[in-house]
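This is what each chain is made of:
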Amino acid sequence: MWGFSCAAIHATGIPDSGERRGVVPLRVCVRLVGLDDVWTVWGWLTMAELARFVFMTCQVGAEPVLKAEMARDWPGLRFAYSRPGFVTFKHSTGAEFSDEFHTHSVFARSTGVSLGKVTQGTPEERARAVWQMLADRPIADLHVFPRDKFEPGFRDYEPGLTDESRAVETLLRSAAEAPRALADRVPPPPPDPKTGPLVADVVLVEPDEWWIGCHRARRPVSAWPGGLLPLELPPTAVSRVYLKMQESLLWSGFKMLPGQTVVELGSAPGGASQALLEKGLLVVGIDPAEMDPMVLADNGFRHVRKRSKDVPRREFQRADWLTCDINLPPNYTLDTVEAIVKAPGVRLKGVIMNLKLVDWKLAESIPEYLKRVQSWGFKQVRARQLHHNRQEICVVAK
Ligand SMILES: C[S@@+](CC[C@H](N)C(=O)[O-])C[C@H]1O[C@@H](n2cnc3c(N)ncnc32)[C@H](O)[C@@H]1O
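Everything numeric here is computed off the predicted structure, so don't read it as measured data.

Peer 1: Hey, could you run me through the environment of Thr 195 in this one?
Peer 2: Locating Thr 195 in the fold gives a position in the loop between helix 6 (163-175) and strand 8 (198-206). Each C-alpha atom of the pair Thr 195 and Arg 216 lies 8.1 Å from the other, and the pair is 21 residues apart in sequence.

The following block contains the structure:
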C-alpha cells in the first residue's frame, strides 16, 4: 500500500515550476507514504534530478508476474519496454521519478531510475556517453551487470556477472572523470538504510545496448550489482543451495548466533546445512532423503531421517530458528510450517522458507501467503525472489 500512496504523490505532487518547490510539508508526506518512502519524497522536495522511467531486472520468465505485481502495488506505473529479464515502466500521468525511487517488489531483483540507453559507437565512446548521461549526479559507485539470458537452471545457466560485464565495468571505471571517487568493486559492507550511496547502473541488455540508470543503495542486496549475490560456490559445497542459503541469510538480516539451533525442513543433500554450519549454528536436518557424508561428518549437524509430520515436537521446542526448503506447493509448505510454529512450547526467533511457485499463477496469492504467515504472530514478514531462487520465492518472518 505504501507503493500506492507514493505513486499518488508522484502523480499529483511533482512540481512543474520553481514556485511549487517544497510546498508539501514533510510531516504530511510522512503520513502519506510511510517512513521508508520519505526519501523518495525528500528527493522530490529538494528538486533532485528526475527521470521519466524506472527499470527493473528479474529472473527470465518472471516478467509477467513482475508487471502484475507493479499493476497491483503501483497502479500509476505503465510498463514501457520489456526484454527477457529487463523491464522499464513510466508513470501514466507523465510524472517523473527521483533518484530515491525504490520498491519493495518481490520479483524485481534490481530497481532504479532509467535514464536511457547507449547503443552507438565504440565501447570507449559508449563509456564516455554513459558518464555524460549521468551528468551531475553525485554517483559514488558503479554496478555493471547483464540481464539474465535464460531461466535459471536452463541448460545449467546461472544468472550472474559475466566476463563481458566485468570488462565493461573496467572500461567505465577508467573512463570516469577523476573527481568521481568510485568505491572499489569488493563486496561492500551493508549500507546505511538512509544515506546509502547513489549507484550508477549499467545493464547490458545486449552486448552493444547498455541501459543506464541509478539507484540509492540502502540495503545489502541493493549494494550488490544487479542484486546478484557477490559470492562464488566453494568447491566443497555439496549443492548450489549453499548459495541460496547464504543469500537468504544476508537478505534477511537475521542475527543468527553461533551455538543457536536451526531446524531445517528439507535438508538433503545439505548445501544449506553447510552455510548454516559455517556460521557456528547447530543444525537439525529433517529429511527422509540421504544427507551428504561431508555434512553428516560435521559435529554440529544431526540428521532426523523423517518427514516433518513424523518428527517429535520436542525437536522444534529446542529450536531458535526454522528454515524450510521442501519441494511441495506453497499451501503444503505453509501447512507444514504453521503446524510447527503454532505447536505448544515452540518459540522461534525467525523463519526462512522457500515457497515453490509450481505454477506462475500462484504469484497472485503471495499477499495471502504473507498475511497467513503474519497471522502466526510474526511482526515482520518479507518476500523476495532471490538471485539463487528457481521458480520460487523466499519468505522471511521474525
Ligand atoms: C530442494 S530439496 C532441499 C535441498 C536442501 N535444502 C539442500 O540444501 O541441499 C527438497 C527436499 O525436501 C525434502 N522433503 C520433501 N517433503 C518433505 C517433508 N514433508 N519433510 C521433510 N523433508 C521433505 C525432499 O526429500 C528433498 O530432499
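Peer 1: What am I meant to see in helix 8 (residues 271-278) here?
Peer 2: Because each turn of an α-helix spans 3.6 residues, side chains separated by three or four positions in sequence point in the same direction. In terms of burial, helix 8 is largely enclosed, as 7 of its 8 residues are buried. Residues of helix 8 that are buried include every one of Gly 271, Ala 272, Ser 273, Gln 274, Ala 275, Leu 276 and Leu 277, and no others. Looking at the buried residues of helix 8, the elements they touch are helix 7 (241-252), strand 10 (261-265), strand 11 (282-286), helix 9 (293-296) and strand 12 (301-304).

Peer 1: What should I look at first to understand helix 11 (residues 330-341) in this one?
Peer 2: Counted at 1.5 Å a residue, the expected span for helix 11 with its 12 residues is 16 Å, and the 16 Å between its end C-alpha atoms agrees. Looking only at helix 11, the buried set comprises Pro 330, Thr 333, Leu 334, Thr 336, Val 337, Glu 338, Ile 340 and Val 341.

Peer 1: For this particular structure, what's the right way to read the site of the ligand?
Peer 2: As a matter of local geometry, the ligand sits amid 19 residues, with Gly 266, Pro 269, Gly 270, Ala 272 and Asp 287 nearest to it. Gly 271 has a polar backbone atom sitting 3.2 Å from an oxygen atom of the ligand. Taking Asp 325, its side chain carries an N or O atom lying 3.2 Å from a nitrogen atom of the ligand. Protein coverage of the free-state accessible area of the ligand, which is 600 Å², stands at 86%.

Peer 1: Is there a simple way to think about the environment of Pro 84 in this case?
Peer 2: Mapped onto the elements of the fold, Pro 84 is located in the loop between strand 3 (77-83) and strand 4 (86-91). Taking the C-alpha atoms as reference, Pro 84 lies 9.0 Å from Val 205; in sequence the two are 121 residues apart. Beyond its immediate stretch of four places on either side in the chain, Pro 84 contacts Val 60, Glu 63, Arg 147 and Asp 148.

About the thresholds
- Residues numbered from 1 in each chain as written.
- Predicted model: local features only at pLDDT ≥ 70, side-chain atom pairs only at ≥ 80, totals over all residues.
- Heavy atoms only, no water.
- Helix = DSSP H or I, 4+ residues; strand = E, 2+ residues; numbered from the N terminus.
- Buried < 20%, exposed > 50% of the residue type's maximum accessible area, 1.4 Å probe, protein only.
- Contact = heavy atoms within 4.5 Å.
- Expected span 1.5 Å × (residues − 1).
- Near = heavy atom within 4 Å.
- Polar contact = N/O pair within 3.5 Å; in protein donor to acceptor, adjacent residues only side chain to side chain.
- Areas by Shrake-Rupley, 256 points an atom, 1.4 Å probe, with all protein chains shown as cover.

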